[in-house]
Amino acid sequence: MNAVEEYKIIGDYLCVQMPKEIDHHNAESISEKIDQFIVKRNVNHVLFDFSETEFMDSSGIGILVGRYKKVACFQGKIYLIHMNAQIKKILSLSGIAKYMEILEER
Amino acid sequence: MKNQMHLEFSADSANESFARVTVAAFMMNLNPTVEELSDVKTAVSEAVTNAIIHGYEGKEGRISIRCKLEERTIDLEIEDKGKGISDIPKAMEPMFTTKPDLERSGMGFAFMEAFMDELEVTSTVNEGTTVHMKKRIGVLTPQDDFL
Ligand SMILES: Nc1ncnc2c1ncn2[C@@H]1O[C@H](COP(=O)(O)OP(=O)(O)OP(=O)(O)O)[C@@H](O)[C@H]1O
Ligand SMILES: [Mg+2]
């Protein structure tokens, strides 16, 4: 389990391996790092991998909406993968799923 | 069965995870399902985060959580002595936020409402806010009706 998120660039995609828990405590620094990749490394699309994430609250919704607004300016997309039931539940309640590409596993 | 606890801690974002994990551990006696546990954790996280971001606006303060377990119900009161809410119905509308600059999306109360069975907010401007929530834990089997 990673306590801290990890970043990898593949082409014009940024892949973010999200941490075990996402809340207000770490959300801001995750958003800032992703924005640096978008600005400095010409990343167009962001893929969030939640395979290690056990918990996320509205702060995580804020990360996703904020990044969507950034990449949507240049037709970039947000991809979400490996979400557990809790994350899927808050995502569907928030109504933002329609703005993102949800990749189904296996 | 009636079991109670009272938790008081500093309004520090590092305590958000401490608060939800502690409440989750305390409610284990009720034999919650995985989903019930994560529902309660999410609701606690939302209320505590609101106290830190909106109640105290990042300044120092104390947050208190009173938790009661009764039969099959968890009863939670999360209180801050921060700036308070002037228009509670407005604040509780989904997507309403006073801090869009901080990437808040106004979903906190909507999640508390969806994940708990009861939600009641009381607040006085410049005195603070209390979020009172209840949730029944454990699925009722048909047999239980006769107990
Ligand atoms: N404890 C509190 N003290 C003062 N104001 C509060 C408190 N809790 C909530 N509010 C007010 O109610 C509004 C709505 O809260 P809610 O949690 O639904 O959304 P948010 O915190 O703004 O965004 P999100 O929870 O999605 O990050 C807040 O923007 C704030 O103005
Ligand atoms: Mg909130």
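Calculation rules
Residues numbered from 1 in each chain as written. Chains lettered and ligands numbered in written order. Predicted model: local features only at pLDDT ≥ 70, side-chain atom pairs only at ≥ 80, totals over all residues. Heavy atoms only, no water. Helix = DSSP H or I, 4+ residues; strand = E, 2+ residues; numbered from the N terminus. Rg over C-alpha atoms; globule rule 2.2 N^0.38 Å. Buried < 20%, exposed > 50% of the residue type's maximum accessible area, 1.4 Å probe, protein only. Contact = heavy atoms within 4.5 Å. Areas by Shrake-Rupley, 256 points an atom, 1.4 Å probe, with all protein chains shown as cover. Lys, Arg positive; Asp, Glu negative; His and termini not counted. Charge placed at Lys NZ, Arg CZ, Asp CG, Glu CD. Pairing = 2+ DSSP bridges. Axes fitted to C-alpha atoms, helices over the stretch in contact; angles between N-to-C directions. Buried area = accessible area lost by both parts, 1.4 Å probe. Salt bridge = Lys/Arg side-chain N within 4 Å of Asp/Glu carboxyl O. Core = buried A, V, L, I, M, F, W, Y, C linked by side-chain atoms within 4.5 Å. Phe/Tyr/Trp six-rings, centres within 6.5 Å; stacked < 30°, edge-to-face > 60°.

## Concerning the overall build of chain A
Here comes step 1: Helix and strand content of chain A: three helices and seven strands.
Here comes step 2: Ordering the α and β elements of chain A from the N terminus gives β-β-β-α-β-β-α-β-α-β.
Here comes step 3: Taking 2.2 N^0.38 as the reference for a compact globule, 106 residues should give roughly 13 Å; the C-alpha atoms of chain A span a radius of gyration of 13 Å, in line with that estimate.
Here comes step 4: Dimensions of chain A, computed from the C-alpha atoms along their principal axes, are close to 30 × 30 × 30 Å.
Here comes step 5: Here chain A holds 106 residues, and 50% of them are scored as buried.
Here comes step 6: Long-range pairs, those at least 24 residues apart, make up 67% of the contacts in chain A between residues at least 6 apart in sequence.
Here comes step 7: Total accessible area on chain A is roughly 5,300 Å²; 53% of this is exposed by carbon and sulfur atoms.
Here comes step 8: Looking at chain A, you have 13 positive and 15 negative side-chain charges, and the mean spots of the two groups are 5 Å apart.

## Things to note about the sheet that holds strand 3 (residues 73–80) of chain B
All names here are of chain B.
Here comes step 1: Sheet architecture is open: five strands sit in the order 1-2-3-5-4, paired in antiparallel fashion. Two strands in the sheet have a free side with no partner beyond their single neighbour: strand 1 (2–10) and strand 4 (118–124). Between one strand axis and the next, the sheet turns by 10° as a mean value, whatever way the strands run.
Here comes step 2: Pairing between strand 3 and strand 5 (residues 128–136): eight bridges, direction antiparallel. Within the sheet, the bridge partner assigned to Glu77 lies in strand 5 and is His132.

## What to know about the interface of chain A and chain B
Here comes step 1: Each partner contributes to the interface: chain A provides 19 residues, whereas chain B provides 23 residues.
Here comes step 2: In this assembly, chain A packs against chain B so that about 1,700 Å² is buried in total across both faces, 53% of it on carbon and sulfur atoms.
Here comes step 3: On the chain A side of the interface with chain B, the three residues burying the most area are His24, Ser58 and Lys89 of chain A, jointly 30% of the side's total.
Here comes step 4: Run the count over chain A and chain B and you get five salt bridges.

## Some words on the nonpolar core
Here comes step 1: By size, the foremost hydrophobic cluster in this structure holds 38 residues, and its most contacted members are Ile65, Ile74, Leu76 and Met133 of chain B.
Here comes step 2: Per-element tally for this core: the top contributor is helix 2 (residues 34–55) of chain B, with eight residues.
Here comes step 3: The contact partners of Leu76 of chain B, leaving out residues within four places of it in the chain, are Val23, Val40, Val44, Ile65, Arg66, Cys67, Met116, Val131, His132 and Met133 of chain B.
Here comes step 4: Judged by nonpolar contacts, the second largest core, of 31 residues, contains Ile22, Ala27, Met56 and Ile61 of chain A.

## Structural notes on the packing of aromatic side chains
Residue and element names in this part refer to chain A.
Here comes step 1: Evaluation of the coordinates by the stated rule reveals six aromatic pairs over all chains.
Here comes step 2: Here Tyr13 and Tyr79 contribute two aromatic rings whose centre-to-centre distance is 5.7 Å and whose plane-to-plane angle is 45°, an arrangement assigned as tilted. You can see Tyr13 sitting in strand 2 (residues 13–17) and its partner Tyr79 sitting in strand 6 (residues 78–81), a full 66 residues away along the chain.

## Overview of the sheet that holds strand 6 of chain A
Residues and elements named next belong to chain A.
Here comes step 1: Taking strand neighbours across the sheet as the criterion, the five strands line up as 1-2-4-6-7 in an open arrangement whose pairing is mixed. Since the sheet does not close on itself, it has two edges, and those belong to strand 1 (6–10) and strand 7 (101–103), each with one partner. Ignoring strand direction, the axes of neighbouring strands in this sheet form an average angle of 20°.
Here comes step 2: Two elements, strand 1 and strand 2, share five bridges in a ladder whose sense is antiparallel. By the bridge assignment, Ile9 is partnered in strand 2 with Leu14.
Here comes step 3: Here helix 1 (residues 24–40) sits on the sheet in contact with strand 1, strand 2 and strand 4 (45–49), set at roughly 20° to strand 1.

## Thoughts on unusual backbone geometry
Here comes step 1: Within the chain, Gln75 of chain A stands out as a residue other than glycine whose phi angle is a positive 60°.
Here comes step 2: Along the polypeptide, Gln75 of chain A turns up in the loop between helix 2 (58–72) and strand 6.
Here comes step 3: Look at Gln75 of chain A and you get exposed, because its relative accessible area is 65%.
Here comes step 4: Phi angles above zero are rare outside glycine, and Met95 of chain B is one such case at about 75°.
Here comes step 5: Mapping Met95 of chain B onto the fold places it in the loop between helix 3 (88–92) and helix 4 (108–115).

What is shown is where atoms sit, not what they do.
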